[in-house]
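Structure assessment
Here are the chains, one letter per residue:
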Amino acid sequence: VVFQDFRLVPHLSAYDNVALPLRVAGVPERELAKPVADMLEWVKLGERMHAFPAQLSGGEQQRIAIARALLNNPLLILADEPTGHLDPEVSMEIMQLFKQLTQQGTSIIMASHDYHTIERVPGKILKCEGGHIVPVSSL
C-alpha cells in the first residue's frame, strides 16, 4: 500500500523505513542491504538513505513510501494519491515505474485527482461519478 500521507516511521532513516517490510517478514539483515539500496536508487534517493523523514521533502517522503511498498515485489499495489506531493517530472517518473511494474505482472489500483498525469500512462481509467464507478477510457 502506498498511502497519501506516507506513513513513514519518524524515528527510522529512509533506509530503515524501506527495509521495514523485509525485517517484519524475517529476512536476515545480511540480505537487506542490496535490495534496499537498489530500491532507493530506483526512486532516486540513494544519497538520502540516512536521512530521517523530517529531513526529507514531501516528494522524497512519498518516494520512500513507494520504495517500501515495492520492495517485496507485490502482485498488487494499492496507491492513494501516490503523486500528490510530487512535482510533475517526478510524478511522471513514478508513473513510468508503475507502468514497468504492470508490464512485469503487478496490478496497480490507484486513486488520484491528477488526471493529467494518469492519462499519459497506458491503462484502464475508471472514475467515480454520482456514486458509481464508470469507465473513462482504456488507453
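See the structure shown above.
Residues numbered from 1 in each chain as written. Predicted model: local features only at pLDDT ≥ 70, side-chain atom pairs only at ≥ 80, totals over all residues. Heavy atoms only, no water.

The subject of this paragraph is the nonpolar core. Ranked by size, the top nonpolar core spans 37 residues in total, and within it Val18, Val36, Leu40, Ile64 and Phe98 carry the most contacts. Top contributing element to this core by residue count: helix H4 (residues 88-103), with 7 residues. With sequence-adjacent residues up to four places away left out, Val36 is seen in contact with Tyr15, Val18, Ala19 and Leu71. (Core = buried A, V, L, I, M, F, W, Y, C linked by side-chain atoms within 4.5 Å. Buried < 20%, exposed > 50% of the residue type's maximum accessible area, 1.4 Å probe, protein only. Helix = DSSP H or I, 4+ residues; strand = E, 2+ residues; numbered from the N terminus. Contact = heavy atoms within 4.5 Å.)

Judged by side-chain polarity, Val1, Leu75, Leu76, Leu78 and Ile109 come together as a nonpolar surface patch covering roughly 500 Å² of accessible area. The residue Ile109 is located in strand E2 (residues 107-111) in this model. (Patch = residues over 30% accessible without salt bridge, like charges linked within 9 Å, V, L, I, M, F, W, Y side chains within 5 Å. Areas by Shrake-Rupley, 256 points an atom, 1.4 Å probe, with all protein chains shown as cover. Salt bridge = Lys/Arg side-chain N within 4 Å of Asp/Glu carboxyl O.)

Where helix H1 (residues 14-24) contacts helix H2 (residues 33-42), the axes come no closer than 10 Å and their chain directions differ by 125 degrees. Considered as vectors, H1 and H2 are oriented oblique to each other. Remark: the crossing between H1 and H2 carries right-handed chirality. Residues Tyr15, Val18, Ala19 and Leu22 of H1 pack against Ala33, Pro35, Val36, Met39 and Leu40 of H2. (Axes fitted to C-alpha atoms, helices over the stretch in contact; angles between N-to-C directions. Parallel < 35°, antiparallel > 145°, perpendicular 65-115°, else oblique. Left-handed = near helix turned anticlockwise from the far one by under 90°.)

Moving on, we come to the packing of H1 against helix H3 (residues 58-70). Where H1 meets H3, the closest approach of the two axes is 7 Å, and the angle between their N-to-C directions is 30 degrees. With respect to their mutual orientation, H1 and H3 come out roughly parallel. Crossing of H1 against H3: the hand is right-handed. On the side of H1, the interface is formed by Ala14, Asn17, Val18 and Pro21, while H3 contributes Ile64, Ala67 and Arg68. Class assignment for the residues of the contact of H1 with H3 results in 5 nonpolar, 1 polar and 1 charged. (Nonpolar A, V, L, I, M, F, W, Y, C, P; charged D, E, K, R; others polar.)

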